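Next come the chains, spelled out residue by residue.
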Amino acid sequence: MISEKIADNIFEKVREIRQYMILLTDEIFYLFQYIFNRKGIYPGEIVKQFFFMAYGSFPIVTLISFLVGITISITTIQQLQLFGADIYLADIVGYGLIRELVPLMTGIILAGKIGASVTAEIASMKVLEEVDALKVMGVIPEKYLMVPRIIGIIFAIPFLVAIADFIGILGGIIVGKIIAGIPVIVFYNEMLTVVGIEDFLIGMLKTLVFGLIIVISSGYKGFTVSMGAQGVGKATTESVVLSISLIIIIDCIFALLLY
Amino acid sequence: MNKLLKLKNLSVGYNREIVLKNLNFFIEKKKITVILGKSGSGKSTILKTIIGLIPSITGEIVFFDKIIDYYSEKELSKFYNKIGVLFQNGALLNSMNLFDNIALPMRMRFEYEEQEIKERVSTKLDQVGLLKFAEKYPAELSGGMKKRGALARAMILEPELILCDEPSAGLDPVTASELDDLMKKMRDELGATLIVVTHELRSINTIADNALVLNEGKAEFFGKYDDMKNSNNEFINKFLRS
Ligand SMILES: Nc1ncnc2c1ncn2[C@@H]1O[C@H](COP(=O)(O)OP(=O)(O)O)[C@@H](O)[C@H]1O
Ligand SMILES: [Mg+2]
């Protein structure tokens, strides 16, 4: 029966959401547990994860934000010039990048870069029984494998976002200077009339939430990998799709809340 | 008779398929019990149920006269302090070298001095003949070396009970018989209890004290290995002659 099939699918989805929420709350618990007693994680693992995430993603995040800064500037400046309002480029680029584009772009890049590798790593450990081996050694895999990655991303994101904001705006400044002849200092001062520290912090907070979503989703897809040869590849693809979908949904919620 | 582990009315399955049907047997202390059966007969499932990776449908497992409560994190962690497991493919962590793999249980569970860790890990590596390879990563080791490494990891905290899933599968006869010697040594010198899933007749002949033969999820035979050899059960004879 079709209706039965649909019902089955819905139950399955509800079960998955429940599992996801359980993992999420477990991870919050393990994170605080670790902060208080410093146990259950391999020494040096947090630093390793931080470097992998921050240093490993920094070139691509920088490049993309520079290109996005240039692209939106070129697109907008043409419209603004029709009204002789060239100077407002600074407002649009500054506000748009810091509040919206940098968080979103960084989130999507990290979903592909960090999300995929975290899922592949955990999923293959699961398939090779390494996760089971950890468990019987008295280690909690959901803590041992996830908490260093959660802490790693919490520290990596501010670093990545700050650089992306700076480089993206630099792209806008270059376009403004070359196409419309806006002096750097004028661009900068105009930008500060609309963009404040709170915008910077909101962008940072959003990206931080996206980062956590990426790590949790990757862990979820990694731990629930189906056995067999295709399992790891499938889990990795699904994890990237899941992260990007959740990022866009949550970004929309943020936009509504902060309107 | 001294029973370390008792399994009562154990039924285990995946989804709707029942793999183990009402099994009853026990594991004698300081002896080696081998589990035999065709592939797919549920041997690995028994081990995984004992170590709490698969929940049983019915039945209970008694360890040191106490039913193991697999839902209590505290109880389970105490149980894990007393056991070591050799998984079918070794399951060494690919992200760290052999030394760190074997040191992992010491580093994660107790607060040992780095000096003591170094001494104990080196001793164990020496026992399994891998001292020279301490710095190598699992990907750089052969199948047999991985298994010996995994056995060293299982032994590092000198557990009371060691569970081995097909330790000699895929190994050359020389390495396989070295592993057998190692397991006998653990029994005779350390007083460990072992459960070994195996197919190798030669290995069974040298190590087995007791045997459990599985056939379609049921125990076809359980008892002393010597009695099994003299049995005139057709299924068992087929097994021993294969
Ligand atoms: N994770 C699993 N999900 C579903 N069925 C499984 C799973 N693991 C094993 N089985 C099934 O359980 C039966 C016993 O498997 P197993 O215990 O691995 O056998 P053995 O170790 O004796 O070869 C097999 O029929 C196998 O297909
Ligand atoms: Mg098996």
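Just above, that's the structure.
Residues numbered from 1 in each chain as written. Chains lettered and ligands numbered in written order. Predicted model: local features only at pLDDT ≥ 70, side-chain atom pairs only at ≥ 80, totals over all residues. Heavy atoms only, no water.

**Some points on the pattern of salt bridges**
Residue and element names in this part refer to chain A. Convention followed: Salt bridge criterion: a side-chain nitrogen from Lys or Arg within 4 Å of a carboxyl oxygen from Asp or Glu. Helix and strand definitions follow DSSP, with helices as H or I runs of at least four residues and strands as E runs of at least two, each counted in order from the N terminus. Per-residue accessibility, obtained with a 1.4 Å probe over protein chains only, is compared with the maximum for each type, and a residue is labelled buried under 20%, exposed over 50%, and partly exposed between these values.
Applying the stated criterion across every chain yields a total of 21 salt bridges over all chains. Between E100 and K206 there is a salt bridge, with its nearest N and O atoms 3.0 Å apart. Here E100, found in helix α3 (residues 89-127), pairs with K206, found in helix α8 (residues 197-223); they are 106 residues apart in sequence, far enough to count as distant. Judged by its relative accessible area of 3%, K206 is buried.

**Points about a nonpolar patch on the surface**
All names here are of chain A. Filter applied, for reference: Every patch collects residues that have over 30% relative accessible area and no salt bridge, joining them within 9 Å if they carry like charges and within 5 Å if they are nonpolar side chains (Val, Leu, Ile, Met, Phe, Trp, Tyr). What sets the accessible areas is the Shrake-Rupley method with a 1.4 Å probe; for residues, cover comes only from the shown protein chains.
The grouping of I74, F166, L170, I174, I178 and I179 at the surface amounts to a nonpolar patch, some 550 Å² of accessible area in total. Tallying contributions element by element places helix α6 (residues 147-180) first for the nonpolar patch, with five residues. As for its placement among the helices and strands, F166 is situated in helix α6. Owing to a relative accessible area of 56%, F166 belongs among the exposed residues under this scheme.

**Some remarks on the pairing of strand β2 (residues 17-28) of chain B**
Residues in a regular strand project their side chains so that they alternate between the two faces of the sheet. Residue and element names in this part refer to chain B. Here is the rule we go by: We call two strands paired when DSSP finds no fewer than two bridges between them.
With eight bridges connecting them, strand β1 (residues 3-14) and β2 associate as antiparallel partners. When the bridges of β2 are listed, L7 appears paired with F25. Taken together, β1 and the strand that follows it, β2, pair antiparallel across an intervening segment of two residues, in which N15 is found at a positive phi of about 50°.

**Some details on the site of ligand 1**
Residue and element names in this part refer to chain B. Heads up, the rule is: Proximity criterion: a residue is near a molecule or strand once any of its heavy atoms comes within 4 Å of it. Nitrogen and oxygen atoms within 3.5 Å of one another constitute a polar contact, given that in protein one can donate a hydrogen and the other can accept it, and given that sequence-neighbouring residues count only through two side-chain atoms. For this classification, the nonpolar set comprises Ala, Val, Leu, Ile, Met, Phe, Trp, Tyr, Cys and Pro, the charged set comprises Asp, Glu, Lys and Arg, and every other residue, Gly included, is treated as polar.
In the vicinity of ligand 1, the contacting residues are Y14, E17, V19, K38, S39, G40, S41, G42, K43, S44 and T45. A distance of 2.4 Å is found between an oxygen atom of ligand 1 and a side-chain nitrogen or oxygen belonging to T45. Within the complex, 62% of the 560 Å² of free accessible area of ligand 1 lies under protein. Sorting the residues of the shell around ligand 1 by element identifies β2 and α1 (43-50) as the ones contributing at least two each. By residue number, the principal contributor to the shell around ligand 1 is α1, which donates three residues. Taken together, the residues of the shell around ligand 1 sort by class into two nonpolar, six polar and three charged.

**Points about the interface of chain B and chain A**
Threshold: We call two residues contacting when some pair of their heavy atoms lies within 4.5 Å. When two components associate, each loses some accessible surface as probed by a 1.4 Å sphere; the sum of these losses over both components is called the buried area.
Contacts between chain B and chain A engage 22 residues on the former and 18 residues on the latter. At the boundary of chain B with chain A, total buried surface from both sides reaches about 1800 Å², with 66% on carbon and sulfur atoms. Put simply, chain B and chain A have one salt bridge between them. For E129 of chain A, the salt bridge goes to K48 of chain B, with nearest N and O atoms at 3.4 Å. Across the contact surface, chain B and chain A share four residue pairs in polar contact (both at pLDDT 80 or more). Those elements giving two or more residues to the side of chain B that touches chain A turn out to be α2 (73-80) and α3 (98-109) of chain B. Considering each element in turn, the side of chain B that touches chain A owes the most residues, six residues, to α3 of chain B. Among the residues making up the side of chain B that touches chain A, the classes are represented as 12 nonpolar, three polar and seven charged.

**Observations regarding the packing of aromatic side chains**
To keep it simple, the criterion reads: In summary, the pairing rule links any two rings of Phe, Tyr or Trp, Trp by its six-membered ring, whose centres are within 6.5 Å, and it sorts them by plane angle into stacked for under 30 degrees, edge-to-face for over 60 and tilted for everything else.
With the rule as written, the count across this model stands at 11 aromatic pairs over all chains. Between the aromatic rings of Y20 of chain A and Y220 of chain A, the centroid separation amounts to 5.4 Å while the plane-to-plane angle is 65°, which identifies the pairing as edge-to-face. Of the two residues, Y20 of chain A sits in helix α1 (residues 2-37) while Y220 of chain A sits in helix α8, which places them 200 residues apart along the sequence. Across this residue pair, the class does not change: Y20 of chain A and Y220 of chain A are buried. Between F26 of chain B and F222 of chain B, the aromatic rings sit 5.0 Å apart at their centres with planes inclined by 85°, giving edge-to-face as the arrangement. Remark: F222 of chain B occurs in strand β10 (residues 218-224) and F26 of chain B occurs in strand β2; sequence separation between them is 196 residues.

**Regarding the packing of helix α2 (residues 45-82) of chain A against α3 of chain A**
All names here are of chain A. Here is the rule: Angles shown run from 0 to 180 degrees and are taken between the N-to-C directions of axes, each axis being a line fitted to C-alpha atoms and, for helices, limited to the stretch in contact. Handedness of a crossing is defined here by the sense of rotation of the near helix relative to the far one, left-handed for an anticlockwise turn of less than a right angle and right-handed for a clockwise turn.
Direction vectors running N to C along α2 and α3 enclose 145°, while the axes themselves pass 8 Å from each other. Between α2 and α3 lies a crossing of right-handed hand. Across the contact of α2 with α3, the residue classes break down as 18 nonpolar, seven polar and one charged.

**Side note on the sheet that holds β2 of chain B**
Residues and elements named next belong to chain B. What the four strands build is an open sheet, ordered β2-β1-β4-β5; its pairing is antiparallel. What marks the edges here is a single partner per strand, and that holds for β2 and β5 (66-67). α1 contacts β1, β2 and β4 (58-63) of the sheet and is inclined by roughly 115° relative to β1.

**Some details on the side chain of T45 of chain B**
All names here are of chain B. Checked against the element boundaries, T45 lands in helix α1. Side chain to side chain, T45 and Y14 meet in a polar contact 3.0 Å long. If we skip the residues at most four places from it in the chain, T45 touches V12, Y14, V19, L20 and I54.

Taken by themselves, the reported measurements are silent on function.
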